[in-house]
Amino acid sequence: MQTIPELMEVSAEEKVINTLKEKYGEEVLHIESPYNFLTITLKKERILEIIEYLYNHAETGFKYLTSIGGVHYPELNQIAVVYQLHNLVTNQRVRLKIYLAEENPVTDTITSVFAGANWMERETYDFYGVNFKGHPNLKRILNVDDMIIFPMRKEYPLEDQTREDKNDTMFGR
Amino acid sequence: MERVENVTKPGVRMDEKPDGYEGLGFFATSLEKVVGMARKNSIWPLPFATSCCGIEFMATMGAHYDLARFGSERLSFSPRQADLLMVMGTIAKKMGPVLRQVYEQMAEPRWVLSVGACASSGGIFDTYSVLQGIDRIIPVDVYVPGCPPRPEQIIDGIIKIQHLVETESLRRRDSPEYKAMLNTFGIE
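Residues numbered from 1 in each chain as written. Chains lettered and ligands numbered in written order. Predicted model: local features only at pLDDT ≥ 70, side-chain atom pairs only at ≥ 80, totals over all residues.

Novice: When you look at the overall build of chain B in this model, what are you seeing that I'm missing?
Specialist: Secondary structure assignment for chain B yields 6 helices and 7 strands. In chain B, the succession of helices and strands from N to C terminus is β-β-β-α-β-α-β-α-β-α-β-α-α. By the compact-globule yardstick of 16 Å for 188 residues, chain B fits well, its C-alpha radius of gyration being 18 Å. Overall, chain B is about 65 × 40 × 25 Å in size when its C-alpha atoms are taken along their principal axes. Per-residue burial for chain B yields a buried fraction of 31% across its 188 residues. Sequence-distant contacts, at least 24 apart, represent 74% of the contacts inside chain B between residues at least 6 apart. (Helix = DSSP H or I, 4+ residues; strand = E, 2+ residues; numbered from the N terminus. Rg over C-alpha atoms; globule rule 2.2 N^0.38 Å. Buried ≥ 20, exposed ≤ 12 C-beta atoms within 10 Å, placed from the backbone. Contact = placed C-beta atoms within 7 Å.)

Novice: It is not clear to me how unusual backbone geometry should be interpreted in this structure. Could you clarify?
Specialist: Keep in mind that most residues, glycine aside, have a negative phi and that most peptide bonds are trans. Cis geometry marks the peptide bond from Glu108(B) to Pro109(B); its omega dihedral reads -5°. Secondary-structure assignment places Pro109(B) in the loop between helix 3 (96-105) and strand 6 (111-115). In this model, Cys147(B) is joined to Pro148(B) through a cis peptide bond whose omega is -15°. Along the chain, Pro148(B) falls in the loop between strand 7 (142-144) and helix 5 (151-167). Non-glycine residue Asn91(A) carries a positive phi angle of around 55°. Mapped onto the elements of the fold, Asn91(A) is located in the loop between strand 4 (78-87) and strand 5 (92-101). Looking at Asn91(A), the number of C-beta atoms within 10 Å reads 8, which means it is exposed.

Novice: Mind showing me how you'd approach the interface of chain B and chain A here?
Specialist: The extent of an interface is frequently quoted as the accessible surface area lost upon association of the parts. Counting residues at the interface gives 9 residues for chain B and 9 residues for chain A. Here the residues of the side of chain B that touches chain A sort into 2 nonpolar, 4 polar and 3 charged. (Nonpolar A, V, L, I, M, F, W, Y, C, P; charged D, E, K, R; others polar.)

Novice: I keep staring at helix 6 (residues 176-184) of chain B and nothing clicks. Help me out?
Specialist: Summarising burial for helix 6 of chain B: 0 of the 9 residues are buried, a small minority. Gly186(B) lies just past helix 6 of chain B and shows a positive phi near 75°.

Novice: Would you take a moment to explain the sheet that holds strand 7 of chain B for this structure?
Specialist: To summarise the sheet geometry, strands pair through backbone hydrogen bonds and adopt either a parallel or an antiparallel arrangement. All names here are of chain B. Spatially, 4-5-6-7 is the arrangement adopted by the 4 strands of the open sheet, whose pairing is parallel. The open sheet is flanked by strand 4 (45-49) and strand 7, the only strands paired with a single partner. Going from strand to strand, the sheet's axes swing by 15° on average, the running direction of each strand aside. Relative to strand 7, strand 6 runs parallel, the two sharing 3 bridges. Each bridged residue has a counterpart across the sheet, and for serine 114 the counterpart in strand 7 is tyrosine 143. In the packing of helix 5 onto the sheet, contacts are made with strand 5 (84-88), strand 6 and strand 7, and the angle to strand 6 comes to roughly 160°. (Pairing = 2+ DSSP bridges. Axes fitted to C-alpha atoms, helices over the stretch in contact; angles between N-to-C directions.)

Novice: Which parts of the structure should I look at to understand the nonpolar core?
Specialist: The tendency in soluble globular proteins is for nonpolar side chains to be buried as a group. Leu84(B), Leu85(B), Met86(B), Val87(B), Leu113(B) and Val115(B) are the most contacted members of the largest nonpolar core, which totals 35 residues. Of all the secondary-structure elements, those providing two or more residues to this core are strand 4, helix 2 (52-61), strand 5, helix 3, strand 6, helix 4 (116-121), strand 7 and helix 5 of chain B. Excluding anything up to four places from it in sequence, Leu85(B) contacts Leu46(B), Phe48(B), Val102(B), Tyr103(B), Met106(B), Arg110(B) and Val112(B). Within the second largest apolar cluster, 29 residues are counted, among which are Leu38(A), Val81(A), Leu85(A) and Val113(A). (Core = buried A, V, L, I, M, F, W, Y, C linked by C-beta atoms within 7 Å.)

Novice: Honestly, the sheet that holds strand 3 (residues 64-73) of chain A in this entry has me stumped. Any pointers?
Specialist: Residue and element names in this part refer to chain A. Strand order in the open sheet formed by 5 strands is 1-2-5-4-3, and the pairing between neighbours is mixed. Sheet topology places strand 1 (28-32) and strand 3 at the edges, where each strand pairs with a single neighbour. Across the sheet, the axes of successive neighbouring strands diverge by a mean angle of 20°, strand direction being ignored. Bridge count between strand 4 and strand 5: 10 bridges; the pairing is antiparallel. Its bridge partner lying in strand 5, isoleucine 79 is registered against leucine 100.

Novice: Is there a simple way to think about the packing of helix 1 (residues 31-40) of chain B against helix 5 of chain B in this case?
Specialist: If you want to describe how two helices pack, look at the angle between their axes and the distance between the axes. All names here are of chain B. Running from amino to carboxyl end, helix 1 crosses helix 5 at an angle of 155°, the nearest separation of the two axes being 7 Å. When the axis of helix 1 is compared with that of helix 5, the two are roughly antiparallel. Crossing hand, helix 1 versus helix 5: right-handed. Contacts between helix 1 and helix 5 pair Gly36, Met37, Arg39 and Lys40 from the former with Gln162, Val165, Glu166 and Thr167 from the latter. Taken together, the residues of the contact of helix 1 with helix 5 sort by class into 2 nonpolar, 3 polar and 3 charged. (Parallel < 35°, antiparallel > 145°, perpendicular 65-115°, else oblique. Left-handed = near helix turned anticlockwise from the far one by under 90°.)

Novice: I would appreciate a short explanation of the packing of helix 2 of chain B against helix 5 of chain B in the present structure.
Specialist: Residue and element names in this part refer to chain B. Contact geometry for helix 2 and helix 5: axes closest at 9 Å, N-to-C directions at 75°. In terms of axis orientation, helix 2 runs roughly perpendicular to helix 5. Listed contacts from helix 5 to Glu56, Phe57, Ala59 and Thr60 of helix 2 are Pro151, Ile154 and Ile155. Counted by class, the contact of helix 2 with helix 5 contains 5 nonpolar, 1 polar and 1 charged residues.

Below you can see the structure in the form of structure tokens.
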């Protein structure tokens, strides 16, 4: 059967990409789809604007924030912040990634768009030390308040350092 | 008049009568032994259950293993009325101050039973967020090993606590040694 290009349905992923590129084409660094999960790497500066745009635009309508998380890439000296957005009407999902400098990771808070980002950003701060500018209450959420490290960064060991009864020969530490 | 001797050993005994003198219509023994016997058979535990050891404890309290046989069926969910703090499960560092506060709220005399590998040493959770044994913040009387321990082991721990309760001197909690021991944990 012959397909007529004009009538071909544009895939949901392409719709998202086209909508984003329409206004923020220069911000997009990389697009991939690992395990069929559309992942867009963006420049870090205008992330708040872009998320707000994707929230309001009729084509995308990402009105639900699934999660915010961090990734530490010690070989790049960078910390990535990962946003997962969800359009609950079309069941379309997207992952947005921005990379911040390891020594001073700063980005804007998105609590003005999603109130639910409040705790997620606190968690990302707690574990990776990402500073969300404009966050109403940026303090540790899961770890003890007097912790002085950001434990998910690779330079800090996983194990508790106060134990004396476990050593490398016996426990492979 | 006949002298009755009953050597206190840990374990289940049918004969609970302490050492003393007995004749027609009377029995004489020391106050300490009577108090010890009474306390031993009416320990009110406070279950501080945070994970799978807590599930084993529920089995221990159930009809099959029935901790009530040892006089400990009355759980106290207020630390102020509890005699025995049973810590069962992983204690995160963030929970540490809470556990310590619970211990401090308990009235003397008080005992602590650490159930399972996590409460005793951090267990498999050799990580920055987990307290590596509750004995870093509160004194522990008996440790029960296991991951998780079976109800029989928990009962064994309770029996060992009972032995401590029964044989403890009435003056121990007023002694300078005891206060010094608490001070090493920063507890007044």
